[in-house]
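Geometric and topological summary
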Amino acid sequence: MPEPVDDLIRPGWSAEPLGHNPFNAATGGIWRVRRDTGTAILKIATPVRRDAHPPHWATSDDPAHWNYWRREPLAYRTGLATRAYAPAGIRAPELIDSVDRPDGSVALWLEDVDGHPGTRCSPEQLGDLGHRLGVAHARWLGRAPEQEWLSRDWLRAYTISRPAPQALAWDHPVVTRTWPVELRDGLRALWERRYDVLAATDELPRTLSHHDVWPMNVIVDRAGPVLFDWSFVGPGPIGEDAANLILDTFFDGLVGVDLLDQVADAVLAGYQRGLAAAVDPATVRRAVLLCAAAKYFWLAPGMIGKLARRGTERVESYDTRDDLAIFAGRRQVLKLLVRWFRLALD
């Protein structure tokens, strides 16, 4: 349930709840608030809680933890979110105010950006975002900031924390009905070689990564892309943000999968151009492919695990389709993931 925010809403103001991942214990809620001077976005960052949130979305007081609950308020308060990618033409929403509340939580008042959401971006616009990410990552190559509250080894820590059953039912009727045997074999191989994939990403050049670039965290205004949700920011391998932008555009059914090849080509080409002065295109391409495999080796096993848990627990997802539609709708994206895994590692 969202945190109560009556102490922040003055008489005459109104608050409209906005969608977010309710299972991440770091966020107590997000609202669009109509105030005397216009609208603003209110986001609550909540301290560590021992409640109904799933263990794999638990927060921590450890500043290096992948889900350190204070990281986003610190990113805004120190100006890092504002400065990080600004020279490349990617900005964060303006911080209007931040309030330390009596219960220990932090209220962030952010600019209500006027633009169109990332889910409505064309492949060309996503390619432009990929280019700007490449330019931004080139600037941070080998010199990511040293603040202790930045995430450390985020890609490994996040992916290993994702839940998957020990015995995977690759022969479940939903799986066999929607995924051909070649795809199932490839996803199984990716899962079995997950530690090899992660180890390979350790050898990639390092930069400052956002770690959650996907259309739900992007609005494009007249000046260009605005990037939200700086909760995970920290050092990471090149390729990770671009890989996530490509694949996570399609996983939840928010954008038609018929655009997959166009978006993949546009983002990869744009990202290579952005990094061209610092990293050769072949290395950039392998980084994107490898990071895609590292970021999503857990997804198919996790989906199979959700089939077994369906009806016994609340299952989190932005994807509102039924099981068959989810498995079928993600098939083409997972085929691309397997192809990239094999090209990058083998």
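What counts and what doesn't
- Residues numbered from 1 in each chain as written.
- Predicted model: local features only at pLDDT ≥ 70, side-chain atom pairs only at ≥ 80, totals over all residues.
- Heavy atoms only, no water.
- Helix = DSSP H or I, 4+ residues; strand = E, 2+ residues; numbered from the N terminus.
- Expected span 1.5 Å × (residues − 1).
- Contact = heavy atoms within 4.5 Å.
- Pairing = 2+ DSSP bridges.
- Axes fitted to C-alpha atoms, helices over the stretch in contact; angles between N-to-C directions.
- Core = buried A, V, L, I, M, F, W, Y, C linked by side-chain atoms within 4.5 Å.
- Buried < 20%, exposed > 50% of the residue type's maximum accessible area, 1.4 Å probe, protein only.

**A look at helix α3 (residues 123-139)**
Across its 17 residues, α3 extends 25 Å between first and last C-alpha, which sits within 8% of the 24 Å expected from 1.5 Å per residue. Tucked into the core, α3 has its buried residues touching β7 (206-209), β8 (218-221), β9 (224-227), α8 (240-248) and α9 (260-275).

**Notes on the sheet that holds strand β3 (residues 38-45)**
Taken in spatial order, the five strands make up an open sheet running β1-β2-β3-β5-β4, and their pairing is antiparallel. Of all strands in the sheet, those bounded by a partner on one side alone are β1 (14-17) and β4 (95-100). Between one strand and the next, the sheet's axes are offset by a mean angle of 25°, whatever the strand orientation. Relative to strand β2 (residues 27-35), β1 runs antiparallel, the two being bridged by four bridges. Within β2, the position partnered with E16 by the bridge is R32.

**Concerning the nonpolar core**
Counting 97 residues, the largest nonpolar core has Y85, W179, W230, L247, V288 and W340 as the members making the most contacts within it. Of all the elements, helix α10 (residues 281-296) adds the most residues to this core, at ten residues. Discounting residues that sit within four places of it in the chain, Y85 has contacts with I90, L133, A136, H137, W140, L208, S209, H210, L227, W230 and D241. Counting residues in hydrophobic clusters, the runner-up holds eleven residues, among them V5, L8, W31 and A40.

**Quick notes on unusual backbone geometry**
Phi is positive for D153, which is not a glycine, with a value near 55°. Counting through the fold element by element, D153 comes out in the loop between α3 and α4 (154-161). You can call D153 partly exposed: its relative accessible area is 35%.

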